[in-house]
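Examination of the molecular architecture
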Number of protein chains: 2
Amino acid sequence: MSSHPQLCHSDCQDCPIRHRAVCAHCDSCELEELEEIKYYRSFEAGQTVIWSGDQMSFVGSVVSGIASLTQTMEDGRTQMVGLLLPSDFVGRPGRDGAPYDVVATTDLVMCCFRKKPFEELMARTPHIAHRLLEMTLDELDAAREWMLVLGRKTAREKIASLLSIIARRDASLTKRGMSGPMVFDLPLTREAMADYLGLTLETVSRQISALKKDGVIHLEGKRHVTIPDMGRLMEEAGDDTDGGFLV
Amino acid sequence: MSSHPQLCHSDCQDCPIRHRAVCAHCDSCELEELEEIKYYRSFEAGQTVIWSGDQMSFVGSVVSGIASLTQTMEDGRTQMVGLLLPSDFVGRPGRDGAPYDVVATTDLVMCCFRKKPFEELMARTPHIAHRLLEMTLDELDAAREWMLVLGRKTAREKIASLLSIIARRDASLTKRGMSGPMVFDLPLTREAMADYLGLTLETVSRQISALKKDGVIHLEGKRHVTIPDMGRLMEEAGDDTDGGFLV
DNA sequence: CGACACATTGAGGTAAATCAAGTTGTGTGG
DNA sequence: CCACACAACTTGATTTACCTCAATGTGTCG
């Protein structure tokens, strides 16, 4: 609280998301061009980064922290439609309005580019355009996988699916493998999980308690999760235990 | 049934999806290159175009008819994750395996390209790559809008949402406007609608009957729909009646 | 005509929502 | 240091929207 996260990743070469973000395929020359137009922004947990319907003046990558994309109906029902983790891209080159709210779920640092210069750079830098297409296709896959979760899975399966996704993304970020027990902190409140899963927060709470009682997960406090057996969790999620890929 | 749909749209210039498909931004020179590697394929209603997990040897555009993307769990629960209408693109340049089944929902004609040559052409034709990114972003928006439908809407709202989407896409294809009553044929069985909406077919049937009883829609036979008041339908869908854009 | 795929309608059961207390934990101010 | 407020969470009782199971209806095609 005392000080903002430091805004001093001045050098792209050392950037923690260098090899996964939109700049992944850039050579050092292209990186220099990006370096010139980039700037960092921090957001505190709970802050709205972009309002649905607003003009988007910038695009950028999540460097650290988590952001969520949410849609809200007039009567207040809300659905989270995306979870943005470090290296994920925010914004839509070529589009003006933002189609959903972007909210900082935890404290957040983003590497931003003003939209116009970025679009121009993209137009003459196939490496960037290509990487962006790749990332967009990945997001589309993730969204469609989520449609199966929302449309057809039970509450228990939904929770197990969410835990397994978070566990896997966490493992791939921290580079601990997927063998042995997995340990991580839930970055979401029960309510945020409910918004992601199309449930109520009470149902989320009940199902987490049930998974805990059945030994599928362990909890210390409300957020610290241990998964003794990842295969078991994936069974609970209704996913193919076999063709399990590690992202 | 007697004869397959004709496979003779030999000239891209006259193609009905020329201005909306992946080739939309191409100049006549680029079009000629595409023309050389393209070929048409027809599928009968019910046929599977691509099996989930299979190698994809081609990509292509829907020329006429409707295809659907579906995901299936081991126990048979299925969720439709995309509805492909004329001009929509099938396939993922740069990826090998297909992530979901592609099924011809009606008789279907596709304009195909072998994957390799298309990828090579794309690499040196920014117009194509750019258009594909545009289209992928649109699909991502559609998928996310659908997540709200699946996660938070009631059965009645889901049906209304589906009808309103089909009505709008139909209007934009046939170029009839959105003023006055809208008339179209449902291209989906009750079961397919259920798979799209995360419902059972019985619930779909009941809600359609209810919307009919309440005068929101008219039905002739089981498939021919008239929507006397589009605004009313969109209210039923829980959508903003105001900021209504016409696709 | 009968067979078949598609659709409707009804009766009853159930998973999850809703409504309603509590509990836990953390930071604030007296 | 304790009392208090507050947000996050848990747990219980009740309701309800949707599912499941089952019977019946409608249209098309050989």
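Treat the numbers as computed from the prediction; the structure is a model and nothing was measured.

Turning to the sheet that holds strand β5 (residues 78-84) of chain B, a few remarks are in order. One open sheet accounts for 4 strands, arranged β2-β7-β4-β5 (chain B); its pairing is antiparallel. Both outer strands of the open sheet, β2 (48-50) and β5 of chain B, are each paired with one neighbouring strand and no more. On average, each strand axis in the sheet is inclined to that of its neighbour by 35°, with strand direction left out of account. Relative to strand β7 (residues 101-104) of chain B, strand β4 (residues 67-72) of chain B is paired through 4 bridges, and the arrangement is antiparallel. Bridged to L69 of chain B within β7 of chain B is V102 of chain B. Sitting on the sheet, helix α3 (residues 126-152) of chain A touches β4 and β5 of chain B, and the angle it makes with β5 of chain B is about 130°.

With that settled, the discussion passes to the UniProt feature "domain: HTH crp-type" (unreviewed entry) in chain A. This chain's UniProt record puts "domain: HTH crp-type" (unreviewed entry) on residues 153-231 of chain A. Strand forms 14% of residues 153-231 of chain A and helix 54%; the C-alpha atoms that close the span are 18 Å apart.

Contacts to DNA strand D come from 17 residues, most closely from R190, S205 and R223 of chain A together with A155 and T203 of chain B. Those atoms of DNA strand D that come within 4 Å of the protein belong to sugar or phosphate at a rate of 62%. Contacts to DNA strand D include S209 of chain A, whose side-chain N or O atom sits 2.9 Å from a phosphate oxygen. In this structure, R206 of chain B approaches DNA strand D through a side-chain N or O atom, which is 2.9 Å from a base oxygen. Counting only elements with at least two residues in the surface near DNA strand D, the list comes to α6 (201-213) of chain A together with α6 (201-213) of chain B. The biggest single contributor to the surface near DNA strand D is α6 of chain A, with 5 residues. Here the surface near DNA strand D is built from residues that sort into 3 nonpolar, 7 polar and 7 charged.

A few words on the packing of aromatic side chains. Evaluation of the coordinates by the stated rule reveals 6 aromatic pairs over all chains. A connected cluster of aromatic rings, assembled from ring pairs, spans F89, F113 and F118 of chain A.

Let us now look at the interface of chain A and chain B. Between chain A and chain B, the residue contacts involve 43 residues of the former and 43 residues of the latter. Where chain A touches chain B, the interface holds 26 residue pairs in polar contact (both at pLDDT 80 or more). Sorting the residues of the side of chain A that touches chain B by element identifies β4 (67-72), β5 (78-84), α3 and α5 (190-197) of chain A as the ones contributing at least two each. For the side of chain A that touches chain B, the leading source of residues is α3 of chain A, giving 18 residues. Looking at the side of chain A that touches chain B residue by residue, the class counts come to 19 nonpolar, 8 polar and 16 charged.

The subject of this paragraph is the domain arrangement of chain A. Accessible area lost on assembly of the parts is the figure often given for the size of an interface. All names here are of chain A. Domains assigned within chain A are domain 1 (12-148) and domain 2 (155-236). The distance between the C-alpha centroids of domain 1 and domain 2 comes to 25 Å. If you look at the interface, domain 1 gives 12 residues, while domain 2 gives 12 residues. Summing both partners gives a buried area of about 1300 Å² for domain 1 against domain 2, and 64% of it is carried by carbon and sulfur. For the pair domain 1 and domain 2, the interface holds 1 salt bridge. The tally of links between domain 1 and domain 2 comes to 6 residue pairs in polar contact (both at pLDDT 80 or more). It is β5 that provides the largest number of residues to the side of domain 1 that touches domain 2, a total of 4 residues. Partitioned by chemical class, the residues of the side of domain 1 that touches domain 2 number 6 nonpolar, 4 polar and 2 charged.

Let's shift gears to the protein's contact with DNA strand C. Neighbouring DNA strand C are 17 residues, the closest being A155 and T203 of chain A together with R190, S205 and R206 of chain B. Taking all atoms of DNA strand C within 4 Å of the protein, the share assigned to sugar and phosphate is 62%. T200 of chain A is positioned with one of its side-chain polar atoms (N or O) 3.0 Å from a phosphate oxygen of DNA strand C. T203 of chain A is positioned with one of its side-chain polar atoms (N or O) 2.3 Å from a phosphate oxygen of DNA strand C. Per-class residue counts for the surface near DNA strand C are 3 nonpolar, 7 polar and 7 charged.

Looking now at the pairing of strand β11 (residues 224-227) of chain B. Residue and element names in this part refer to chain B. Across 4 bridges, the pairing between strand β9 (residues 182-185) and β11 is antiparallel. Bridge pairing in β11 places V183 opposite T226. As paired elements, strand β10 (residues 218-220) and β11 share 3 bridges and run antiparallel to each other. Its bridge partner lying in β11, L219 is registered against V225. Hairpin remark: β10 followed by β11, antiparallel, with 3 residues in the connecting loop; positive phi at G221, about 70°.

Scanning all chains against the criterion turns up 34 salt bridges over all chains. With a shortest N-O distance of 3.3 Å, D96 of chain A and K115 of chain A are connected by a salt bridge. Residue D96 of chain A is found in the loop between β6 (89-90) and β7 (101-104), and its partner K115 of chain A is found in helix α2 (residues 115-123); the two are separated by 19 residues along the sequence. Residue D96 of chain A is classed as partly exposed on the basis of its relative accessible area, which comes to 46%. Taking the relative accessible area as the measure of exposure, K115 of chain A reaches 9% and is therefore buried. The salt bridge partner of K38 of chain B is E35 of chain B, with a shortest N-O separation of 3.2 Å. A residue is classified by how much of its surface remains accessible, and K38 of chain B, at 12% relative accessible area, is buried. Assessed through its relative accessible area of 25%, E35 of chain B is described here as partly exposed. By sharing partners, the salt bridges in this structure join R156, K213, D214, R232 and E236 of chain A into a single network.

For the rest of this paragraph, the subject is the sheet that holds strand β3 (residues 58-64) of chain B. All names here are of chain B. Reading across from one edge, β1-β8-β3-β6 is the order of the 4 strands in this open sheet, with antiparallel pairing throughout. A strand with exactly one partner marks an edge of an open sheet, and here the two such strands are β1 (38-43) and β6 (89-90). Strand direction decides the pairing type here: β1 and strand β8 (residues 108-114), joined by 6 bridges, are antiparallel. Residue pairing in the sheet places K38 in a bridge with F113 of β8. Contacts from helix α2 (residues 115-123) reach β3, β6 and β8, with the element oriented near 70° to β8.

Each value, and the rule that gives it
Residues numbered from 1 in each chain as written. Chains lettered and ligands numbered in written order. Predicted model: local features only at pLDDT ≥ 70, side-chain atom pairs only at ≥ 80, totals over all residues. Heavy atoms only, no water. Pairing = 2+ DSSP bridges. Helix = DSSP H or I, 4+ residues; strand = E, 2+ residues; numbered from the N terminus. Axes fitted to C-alpha atoms, helices over the stretch in contact; angles between N-to-C directions. Contact = heavy atoms within 4.5 Å. UniProt positions renumbered as here; feature names shortened; annotations may be inferred. Near = heavy atom within 4 Å. Polar contact = N/O pair within 3.5 Å; in protein donor to acceptor, adjacent residues only side chain to side chain. Nonpolar A, V, L, I, M, F, W, Y, C, P; charged D, E, K, R; others polar. Phe/Tyr/Trp six-rings, centres within 6.5 Å; stacked < 30°, edge-to-face > 60°. Domains from an automatic or database assignment. Buried area = accessible area lost by both parts, 1.4 Å probe. Salt bridge = Lys/Arg side-chain N within 4 Å of Asp/Glu carboxyl O. Buried < 20%, exposed > 50% of the residue type's maximum accessible area, 1.4 Å probe, protein only.

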